[in-house]
Amino acid sequence: PRIERWIRLPDLPTARHGLAAVVHEGKMYVLAGGKRPGLSVSGSNEVLEAKREPNIRVFSPKPDEEIGLPLVIRGTARVFENTFNFRLKDGDGTVLVESFGTAQAPDIGQFGTFEVSWLYPEPKADQGTVEVFAYSAKDGSEIEKVAIPVRFQKIEATRIQVFFGSKEKDPAGLFCVRSYPAE
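What this report covers is the structure whose coordinates are included nearby.

What counts, and at which threshold
- Residues numbered from 1 in each chain as written.
- Predicted model: local features only at pLDDT ≥ 70, side-chain atom pairs only at ≥ 80, totals over all residues.
- Heavy atoms only, no water.
- Helix = DSSP H or I, 4+ residues; strand = E, 2+ residues; numbered from the N terminus.
- Buried < 20%, exposed > 50% of the residue type's maximum accessible area, 1.4 Å probe, protein only.
- Contact = heavy atoms within 4.5 Å.
- Pairing = 2+ DSSP bridges.
- Axes fitted to C-alpha atoms, helices over the stretch in contact; angles between N-to-C directions.
- Polar contact = N/O pair within 3.5 Å; in protein donor to acceptor, adjacent residues only side chain to side chain.
- Core = buried A, V, L, I, M, F, W, Y, C linked by side-chain atoms within 4.5 Å.

**Things to note about the overall build of the chain**
Scanning the chain from N- to C-terminus turns up zero helices and 13 strands. Along the chain, from the amino end to the carboxyl end, the secondary structure elements read β-β-β-β-β-β-β-β-β-β-β-β-β. Put simply, the chain has 183 residues, and 31% of those count as buried. Sequence-distant contacts, at least 24 apart, represent 49% of the contacts inside the chain between residues at least 6 apart.

**Let's talk about the sheet that holds strand 2 (residues 27-31)**
Pairing within the open sheet is antiparallel, and its three strands lie in the order 1-2-3. Lying at the two open borders of the sheet, with one neighbouring strand each, are strand 1 (20-24) and strand 3 (45-49). Averaged over all pairs of adjacent strands, the angle between strand axes in this sheet comes to 20°, irrespective of strand direction. Strand direction decides the pairing type here: strand 1 and strand 2, joined by five bridges, are antiparallel. By the bridge assignment, Ala 21 is partnered in strand 2 with Val 30.

**Quick word on the side chain of Arg 16**
Following the sequence through the fold, Arg 16 ends up in the segment before strand 1. In terms of polar contacts, Arg 16 uses its side chain to reach the backbone carbonyl oxygen of Val 30, at 3.3 Å. Among the polar contacts made by the side chain of Arg 16, one reaches the main-chain carbonyl oxygen of Ala 32 at a distance of 2.5 Å. If sequence neighbours within four positions are ignored, Arg 16 has contacts with Val 30, Leu 31, Ala 32, Gly 33, Gly 34, Lys 35, Ser 44 and Glu 46.

**Points about the nonpolar core**
Core analysis: the biggest nonpolar cluster contains 23 residues, and Leu 71, Ile 73, Leu 88, Tyr 120, Val 130 and Val 132 have the highest contact counts within it. Counting residues per element, the ones that place at least two in this core are strand 4 (56-60), strand 6 (71-77), strand 7 (83-90), strand 8 (95-102), strand 9 (112-118), strand 10 (127-135) and strand 11 (142-152). For Leu 71, the residues in contact, after removing those within four places along its chain, are Leu 88, Val 97, Val 116, Ser 117, Trp 118, Tyr 120 and Val 130.

**Quick notes on the side chain of Ser 60**
Relative to the elements of secondary structure, Ser 60 occurs in strand 4. Judged by relative accessible area, Ser 60 falls into the buried class, the value being 16%. When neighbours within four sequence positions are excluded, Ser 60 is seen to be in contact with Glu 65, Val 72, Ile 73 and Arg 74.

**Focus on the sheet that holds strand 9**
If you walk across this open sheet you meet the three strands as 4-6-9, and the pairing is antiparallel. Of all the strands in the sheet, the pair left with one neighbour each is strand 4 and strand 9. For this sheet, the mean inter-axis angle between neighbouring strands, taken without regard to orientation, is 25°. Taken together, the four bridges between strand 4 and strand 6 define a ladder with antiparallel strand orientation. Within the sheet, the bridge partner assigned to Arg 57 lies in strand 6 and is Thr 76.

This is the structure in C-alpha cells:
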C-alpha cells in the first residue's frame, strides 16, 4: 500500500544532476544528466529496481512445522484497515478453517503484530497449507498471500455421549429422572 512518505534508497551508481527519470513496470530508468553543474551532459543510463517489502510476514508456523490444536498463527501485517485473512487447507486442498484477524498497527501504513488461534476439524492428510492474505479493496482478489506448508500432529479424540431429557419420548416431562442419548 501507499504509505505517503519518502524512504532513502542506495545512492545512484553514477552521481549527476539534471537527469531524467521514469518508472515503468517496477523499474526506475535514470537517463542522461551531467557530472558538473551547468551545461554538461552524460551518456549514462541506469536501471534501478526497488526491492519490494512484503506487507504480510508470518513468523509462526514455520515451513514444514508440525502443528496441533489449536492452530496458532503469529506475524506482522501492513494491510488495508489492518484486516488480514487466513485459511488452513489439508493436503487435497480442502479448506479446514477460514477466518480473519486484525493486526495491532499503531497507525495507517505501519506494520502491526497479530496472533490468531483457531480450532480445526481433523484433516484427511498428514500435510497441509496455512495461507495468510488480504482481500484487495479495489477488486476483492486475494493479495499479499503467504503460503506455509505444514504437517499435522495426530489428533486424538475421545467420543463423548451426552444424555438429555426428551420431549419426543416424554412429551409431558413427567419423568425428570429419565435421560436419553443425544443423536
